[in-house]
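Listed here are the chains, written in short residue letters.
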Amino acid sequence: MQINQDSIIKQFIQNEVGGIVLTDTKGNIIYADKNVPVCEQLKKQLERRGERALTTQKSCPWEFTDSKTKKFYRVQTSAQQQEDKTVYCHILVDVSDYANLYQDITNYSVKIADISDFQAKILSKISKSYEFCLPDLAEFCHSSTAILYIEAANGTKVTKIVFDGDFSKSQLQASVQTDSLLSEKRYSQRGKYHCLLCEQADSRRYAVYLKAGIYFNSEYFQDISLYNVIRLYIENAILKEKIIYENEHDHLTGLYNKGKYMALLKEKFGNPTSIAIFNFDVNDLKYMNDNFGHEAGDHLIRMAANSIHKVTAENIMGFRMGGDEFAMVALNLTQSAVEDLHKSWQNTLYELNKNDNRIKCVIACGIAYGEGDCNIEKLMEQADLQMYKDKKRLKEERIKCMKELM
């Protein structure tokens, strides 16, 4: 059986590889087989090639894209001499699949590099608070606004942190709306906002939303690596916050503990313009423990702590120093404001006692106030001395009241 090799090669070139075009030295098409996309882009390219002098010994490779079919061709051009005429032969090879694969690999490599850089940037800030991931997250996904909702440990409030070029923070009361925000499905949409994640760490729910604009990068937004690194960052911050909280707070009352008090004392409470120290001592704790059990004693301690909790603020801190001893430190208040604070605390304790039918909480209080570069240790001694005077006064009043009842 005789095989026509020339026919097979010609058929392969025309039907499988791409096609052949013959042009004169001016770039005019003399011949084009059926697989050649004869379009304006190709004609212009051939005209440019015709203006260049080619010899039979020189072969010139170039590339061409058909904008209509979106196909990519690699072209090999060589000069063929026939008698006294020069003809340019252009062999077109369809390499679209290879070009697309290369483009996909290039795009994927760029994406991997971008995500890797983003992960490194986020993890470099992992020692900071949870909101500090929001600027990088918004920039990475081309979003104008990033929002973090995080539930308080007791579930009564939700902190809303917004980054839209600057940070803003607000407290929301727990409600059906906040519950919905913290229970959304990943990648779902609420208006212009897309949910990146809704998760839970240490019984605290949290959620992250990004505003989708014109340039929002949904591909990066939905990459699992982004989800994982943001979740790792936020949950690390939540657990770190828990460890710090437990290290600085009294477990029974939620007030700062003595260790936190001593640490702040070492730093002179930040060198305020004025400082007021309140020393408290709860009466009858031993009596309650011995006669009604430690549960009753704990209730008494919690009542005392609650009276302090209700008057604390950013510049007013409450401490349980141990047992039945408490302290409160107020910074940058006038002496008149300190007197008002004392009255507010007294009224709060009165209301707590009024609303509790089981136990009456009696607390002795001593106050010392100083301005400027004052000696805090001496203020503590003065507050302690005043507290013992008040304790003596309360005892005398109690004895007097008992005699009147007899």
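From a predicted model like this one, the values you see are computed outputs, not experimental measurements.

Chemist: Mind showing me how you'd approach the overall build of the protein here?
Modeler: Counting its secondary structure elements, the protein contains twelve helices and 16 strands. Its C-alpha atoms give the protein a radius of gyration of 40 Å, more than 25% over the compact-globule value 22 Å for 406 residues. Across its three principal axes, the protein shows a C-alpha extent of roughly 140 × 50 × 35 Å. Looking at the protein as a whole, 40% of its 406 residues are labelled buried. For the protein, the accessible area works out to roughly 24700 Å², and carbon and sulfur atoms hold 50% of it. Side chains of the protein give 52 positive and 55 negative charges; the mean places of these two sets differ by 2 Å.

Chemist: Help me out: how do you make sense of a negative patch on the surface in this one?
Modeler: On the surface, a cluster of negative charge is contributed by Glu-325, Glu-377, Glu-381 and Asp-384. Among the elements that line the negative patch, the one with the most residues is helix α12 (residues 376–405), at three residues. Examined against the element boundaries, Glu-377 turns out to sit in helix α12.

Chemist: Please explain the pattern of salt bridges as it appears in this structure.
Modeler: Two side chains that carry opposite charge are able to pair once their charged atoms sit near each other. A full pass over the atoms with the stated rule returns 17 salt bridges. A salt bridge links Glu-199 to Arg-231, with the nearest nitrogen and oxygen atoms 3.7 Å apart. Of this pair, Glu-199 sits in strand β10 (residues 193–201) while Arg-231 sits in helix α7 (residues 224–248), placing them 32 residues apart in sequence. The exposure class of Arg-231 is partly exposed, given its relative accessible area of 28%. With its nearest N and O atoms 2.6 Å apart, the salt bridge here joins Arg-204 to Glu-241.

Chemist: When you look at the nonpolar core in this model, what are you seeing that I'm missing?
Modeler: Nonpolar side chains tend to gather and get buried jointly when the protein is soluble and globular. One finds Leu-137, Ile-230 and Ile-234 to be the most contacted residues of the largest nonpolar core, which totals 32 residues. Elements with a contribution of two residues or more to this core: α3 (96–123), α4 (134–140), β6 (146–151), β7 (157–163), β10, β11 (204–211), α6 (218–221) and α7. When residues in this core are grouped by element, the largest group, eight residues, is from α7. By size, the runner-up hydrophobic cluster in this structure holds 30 residues, among which are Met-288, Ala-304, Val-338 and Leu-349.

Chemist: Hey, could you run me through the environment of Gly-27 in this one?
Modeler: Examined against the element boundaries, Gly-27 turns out to sit in the loop between β1 (18–23) and β2 (29–32). Relative accessible area serves as the criterion here: at 5%, Gly-27 is assigned to the buried category. In this structure the C-alpha to C-alpha distance between Gly-27 and Glu-47, which are 20 residues apart in sequence, comes to 4.1 Å. Setting aside anything within four residues of it in sequence, one finds Gly-27 in contact with Leu-46, Glu-47 and Gly-50.

Chemist: Is there a simple way to think about α7 in this case?
Modeler: Helical periodicity: at 3.6 residues per turn, an α-helix aligns residues three or four positions apart in one direction. Look at α7: 36 Å from first C-alpha to last across 25 residues, which is about the 36 Å you get at 1.5 Å a residue. Those residues of α7 not exposed but buried are Leu-226, Tyr-227, Val-229, Ile-230, Tyr-233, Ile-234, Glu-235, Ala-237 and Ile-238. One side-chain oxygen of the residue at the start of α7 lies 2.8 Å from the amide nitrogen of Ser-225, identifying that residue as Asp-223.

Reading the values: rules and limits
Residues numbered from 1 in each chain as written. Predicted model: local features only at pLDDT ≥ 70, side-chain atom pairs only at ≥ 80, totals over all residues. Heavy atoms only, no water. Helix = DSSP H or I, 4+ residues; strand = E, 2+ residues; numbered from the N terminus. Rg over C-alpha atoms; globule rule 2.2 N^0.38 Å. Buried < 20%, exposed > 50% of the residue type's maximum accessible area, 1.4 Å probe, protein only. Areas by Shrake-Rupley, 256 points an atom, 1.4 Å probe, with all protein chains shown as cover. Lys, Arg positive; Asp, Glu negative; His and termini not counted. Charge placed at Lys NZ, Arg CZ, Asp CG, Glu CD. Patch = residues over 30% accessible without salt bridge, like charges linked within 9 Å, V, L, I, M, F, W, Y side chains within 5 Å. Salt bridge = Lys/Arg side-chain N within 4 Å of Asp/Glu carboxyl O. Core = buried A, V, L, I, M, F, W, Y, C linked by side-chain atoms within 4.5 Å. Contact = heavy atoms within 4.5 Å. Expected span 1.5 Å × (residues − 1). Polar contact = N/O pair within 3.5 Å; in protein donor to acceptor, adjacent residues only side chain to side chain.

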